[in-house]
Amino acid sequence: MRILVTGGAGFIGSNLCERLLASGHEVLCMDNFYTGSKNNIREYLNNPSFEVIRRDISEPFVIEADFIINLACPASVPHYQKDPLKTMKDNVFGIFNVLENARRLKIPVLHTSTSEVYGSPAVHPQPETYNGNVNPVSIRSCYDEGKRAAETILSDYNRQYGVDIKVIRVFNTYGPRMLENDGRAVSNFIVQSLKGEDLTVYGDGKQTRSFCYISDLIDGIILFMEDKSGFTGPVNMGNNYEFTIVDFAKLVLSITGSKSKLKFVELPKDDPIQRDPDLTLAKKMLGYNPKVGVEEGLKKTIEYFKKTIKY
Ligand code: UDP
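The rules behind each value
- Residues numbered from 1 in each chain as written.
- Predicted model: local features only at pLDDT ≥ 70, side-chain atom pairs only at ≥ 80, totals over all residues.
- Heavy atoms only, no water.
- Buried < 20%, exposed > 50% of the residue type's maximum accessible area, 1.4 Å probe, protein only.
- Helix = DSSP H or I, 4+ residues; strand = E, 2+ residues; numbered from the N terminus.
- Contact = heavy atoms within 4.5 Å.
- Expected span 1.5 Å × (residues − 1).
- Near = heavy atom within 4 Å.
- Polar contact = N/O pair within 3.5 Å; in protein donor to acceptor, adjacent residues only side chain to side chain.
- Areas by Shrake-Rupley, 256 points an atom, 1.4 Å probe, with all protein chains shown as cover.
- Nonpolar A, V, L, I, M, F, W, Y, C, P; charged D, E, K, R; others polar.
- Pairing = 2+ DSSP bridges.
- Axes fitted to C-alpha atoms, helices over the stretch in contact; angles between N-to-C directions.
- Core = buried A, V, L, I, M, F, W, Y, C linked by side-chain atoms within 4.5 Å.
- Phe/Tyr/Trp six-rings, centres within 6.5 Å; stacked < 30°, edge-to-face > 60°.
- Lys NZ or Arg CZ within 6 Å of the ring centre and 35° of its normal.

**A short note on helix α6 (residues 185-195)**
Alright, step 1. A large share of α6 lies buried, amounting to nine of its 11 residues.
Alright, step 2. Listed in full, the buried residues belonging to α6 are Val186, Ser187, Asn188, Phe189, Ile190, Val191, Gln192, Ser193 and Leu194.
Alright, step 3. For α6, the secondary structure elements touched by its buried residues are β7 (173-174), β8 (199-202), α8 (245-256) and α10 (294-308).
Alright, step 4. Within two residues after α6, Gly196 carries a phi angle of roughly 70°, on the positive side.

**What to know about α8**
Along an α-helix, residues three or four apart share an orientation, since each turn contains 3.6 residues.
Alright, step 1. An ideal rise of 1.5 Å per residue puts 16 Å on 12 residues; α8 measures up with 16 Å between its terminal C-alpha atoms.
Alright, step 2. Within the sequence span of α8, burial applies to Ile245, Val246, Phe248, Ala249, Leu251, Val252 and Leu253.
Alright, step 3. Elements that come into contact with the buried residues of α8 comprise α6, β8, β9 (208-210), β12 (242-244), β13 (262-265) and α10.
Alright, step 4. Positioned one or two residues after α8, Gly257 has a phi angle of 70°, which is positive.

**Considering the environment of Ile63**
Alright, step 1. Mapping Ile63 onto the fold places it in the loop between β3 (50-54) and β4 (67-70).
Alright, step 2. Considering only alpha carbons, one finds Ile63 and Ile53, 10 residues apart in sequence, at a separation of 10.0 Å.

**Here's the deal with the site of the ligand**
Alright, step 1. Thr200, Tyr202, Arg209, Asp271 and Arg275 are the nearest of the 17 residues found near the ligand.
Alright, step 2. Ala185 has a polar backbone atom sitting 2.8 Å from an oxygen atom of the ligand.
Alright, step 3. Take Asn188: an N or O atom from its side chain is 2.8 Å from an oxygen atom of the ligand.
Alright, step 4. When the ligand sits alone it has 510 Å² of accessible area, and the protein chains cover 96% of it.
Alright, step 5. Elements that contribute at least two residues to the shell around the ligand include exactly α6 and β8.
Alright, step 6. The class makeup of the residues in the shell around the ligand is six nonpolar, five polar and six charged.

**Some thoughts on the sheet that holds strand β2 (residues 26-31)**
Alright, step 1. Strand order in the open sheet formed by seven strands is β3-β2-β1-β4-β5-β6-β11, with parallel pairing between adjacent strands. Either end of the sheet is taken by a strand with one partner, and the two such strands are β3 and β11 (235-237). Taking each pair of neighbouring strands and ignoring which way they run, the sheet shows an average axis angle of 25°.
Alright, step 2. Two strands pair when backbone bridges link them, and strand β6 (residues 165-170) and β11 are joined in this way by three bridges, in the parallel orientation. Each bridged residue has a counterpart across the sheet, and for Arg169 the counterpart in β11 is Asn236.
Alright, step 3. Relative to β6, helix α7 (residues 214-226) is tilted by about 165°, and along the sheet it contacts β1 (2-6), β4, β5 (109-114), β6 and β11.

**Overview of the nonpolar core**
Alright, step 1. In terms of nonpolar packing, the biggest core is built from 61 residues, with Ile12, Leu16, Leu20, Ile69, Phe248 and Leu298 touching the most fellow members.
Alright, step 2. For Ile12, the contacting residues outside a window of four places in its chain are Leu71, Val170, Ile214, Leu217, Ile218 and Ile221.
Alright, step 3. In this structure, Phe61, Ala72, Leu154 and Ile165 belong to the second largest nonpolar core, which totals 24 residues.

**Examining the packing of aromatic side chains**
Think of a pair of aromatic rings as described by two things: how far the centres are apart, and how the planes are tilted against each other in angle.
Alright, step 1. The tally for this structure, following the rule as stated, stands at 12 aromatic pairs.
Alright, step 2. Plain terms: the ring middles of Phe96 and Tyr157 are 6.0 Å apart, the flat faces sit at 70° to each other, and that makes the pair edge-to-face. Of this pair, Phe96 sits in helix α4 (residues 84-105) while Tyr157 sits in helix α5 (residues 141-161); the two residues are 61 residues apart in sequence, bridging distant segments of the chain.
Alright, step 3. Between Phe224 and Phe231, the aromatic rings sit 5.4 Å apart at their centres with planes inclined by 35°, giving tilted as the arrangement.
Alright, step 4. One aromatic cluster is present, formed by Phe189, Phe211, Phe243 and Phe248 through successive ring pairs.
Alright, step 5. Between Lys38 and the ring centre of Phe33, over which it is positioned, the NZ or CZ distance is 5.6 Å.
Alright, step 6. Geometry around Tyr161 places Arg103 over its ring, the cationic atom sitting 3.6 Å from the centre.

Below is the structure:
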């Protein structure tokens, strides 16, 4: 197939492009390079099955493809909060632009939504049937509510125009090609450990997150892409390695062998206190079964940062 991957030069996007090319697909990688990086895709530029399109998803575009995978949106907290109105446009205008192509071409769209649609969840772990606890006017809303609106727009294109949709709610994912300056817990803690800087634990560090290694998420995306059952989701994908953030920081310190210390700093506003995916539906509908242990995944990610950052 010829597959359009929007956000194809980002962390998840470039890992997905690599997998799709290895499986014999033709890949159109669309990116505005706001948080995507040319370094992530440099090794595919000479591959005749790989094409790069520099374009902003929030502006209308016309493409020819057999399948669309929509990943385009700044996804780390500092990046999506830098220009919140743009983040909202990427989510809302972006999905309209994607879906208009899908409607014209009569092709499916696989969309990556987020665990952020659950907000600061009162139900734990979070099943897809939980409607969430989201503040519409918080500094996280441009992302949370933007992603929720995108899910609504996808559902209505499916009901109104019969567009074939597949919606994944992605939980915290990490691995090679994360940005050094992404501001996420995983990248910050690894980079700080390698540089011998204090690890910045936000708040008391008792908030929890569950971390998924990138190859497991890519496996899930491919399973859903290839699924012919008509299942539309939304479906959670991630892993159940749930840690308090302070314990996770200590794990990174022990694996890196770093002498860095923990530094407790102010908790960002509206930071969700717990997050862990209920993966029952993904297992049942798609046979999704993440395999990579957190220590193994962290070691690979640490190796990547050792090679790519100056420290
Ligand atoms: N966090 C932290 N120190 C950091 C970066 C993040 O303690 O340097 C915390 C953050 O407050 C949140 C958790 O780690 O509770 C995960 O943050 P991240 O930005 O990785 O993902 P998200 O908040 O989107 O789940």
